[in-house]
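# Geometric and topological summary
Listed below, chain by chain, are the residues.
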Amino acid sequence: MKIALIAHDKKKNEIIELAKKYKDVLAQYELYATGTTGTLIMGETGLSIHRMKSGPLGGDQQIGAMLANGELGMIIFLRDPLTAQPHEPDVSALLRLGDVQKIPLATNVSSATIMLEALKSGALFDFISK
């Protein structure tokens, strides 16, 4: 299964800490991330991550294309709801595609933790495989 990891600037530390905590779980999957987020996570965890462009430079759209083509099984997108994003239409489109494709998509640490714990126990993978 392919998992996408994305975080707005003010959420980068949170996604790094999440990746560190669930490194063993994430290492079992093929990981994709927007440019800066992927670089930071790789530097802190050593995880292998396919990096796309930075979100504002099209990385969200690249991940959206993967999603539209049925190539992703899960997305963790830690969004900053209190800061206007210059690429907000891309963000909205990505979230919409996640709903259309019925892909588990976490937008905050709490929901991401639940999804990663479910992956760790095998529950989420069983659900997605059905």
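Notes on the structure follow. (Residues numbered from 1 in each chain as written. Predicted model: local features only at pLDDT ≥ 70, side-chain atom pairs only at ≥ 80, totals over all residues. Heavy atoms only, no water.)

Attention shifts here to the overall build of the chain. Regarding its fold elements, the chain presents seven helices and five strands. When its helices and strands are written in sequence order, the chain yields β-α-α-β-α-β-α-β-α-β-α-α. The C-alpha radius of gyration of the chain comes to 13 Å, within 12% of the 14 Å expected for a compact globule of 130 residues. In the chain, which comprises 130 residues, the proportion classed as buried is 47%. The long-range fraction of contacts in the chain, counting pairs at least 24 apart against all pairs at least 6 apart in sequence, stands at 68%. With an accessible surface of roughly 6,700 Å², the chain has 52% of that area assigned to carbon and sulfur atoms. (Helix = DSSP H or I, 4+ residues; strand = E, 2+ residues; numbered from the N terminus. Rg over C-alpha atoms; globule rule 2.2 N^0.38 Å. Buried < 20%, exposed > 50% of the residue type's maximum accessible area, 1.4 Å probe, protein only. Contact = heavy atoms within 4.5 Å. Areas by Shrake-Rupley, 256 points an atom, 1.4 Å probe, with all protein chains shown as cover.)

This part is about the side chain of aspartate 80. Positionally, aspartate 80 belongs in the loop between β4 (74-78) and α5 (88-101). Of the side chains with opposite charge, lysine 10 comes closest to the buried, unpaired aspartate 80, at an N-O distance of 4.5 Å. Among residues more than four places away in sequence, those in contact with aspartate 80 are His8, Lys10, Lys11 and Gln85. (Lys, Arg positive; Asp, Glu negative; His and termini not counted. Salt bridge = Lys/Arg side-chain N within 4 Å of Asp/Glu carboxyl O.)

Moving on to the pattern of salt bridges. Under the criterion given, the structure shown has four salt bridges. Lysine 12 is paired through a salt bridge with aspartate 9; the nearest N and O atoms lie 3.8 Å apart. Exposure remark for lysine 12: the relative accessible area of 10% places this residue in the buried category. Through salt bridges with shared partners, a single ionic network connects Glu17, Lys20 and Glu44.

Taking strand neighbours across the sheet as the criterion, the five strands line up as β3-β2-β1-β4-β5 in an open arrangement whose pairing is parallel. Of all strands in the sheet, those bounded by a partner on one side alone are β3 (49-51) and β5 (105-106). Both strand β1 (residues 2-7) and β4 contribute to a ladder of five bridges, which runs parallel. For isoleucine 3, the partnering residue across the bridge sits in β4 and is methionine 74. (Pairing = 2+ DSSP bridges.)

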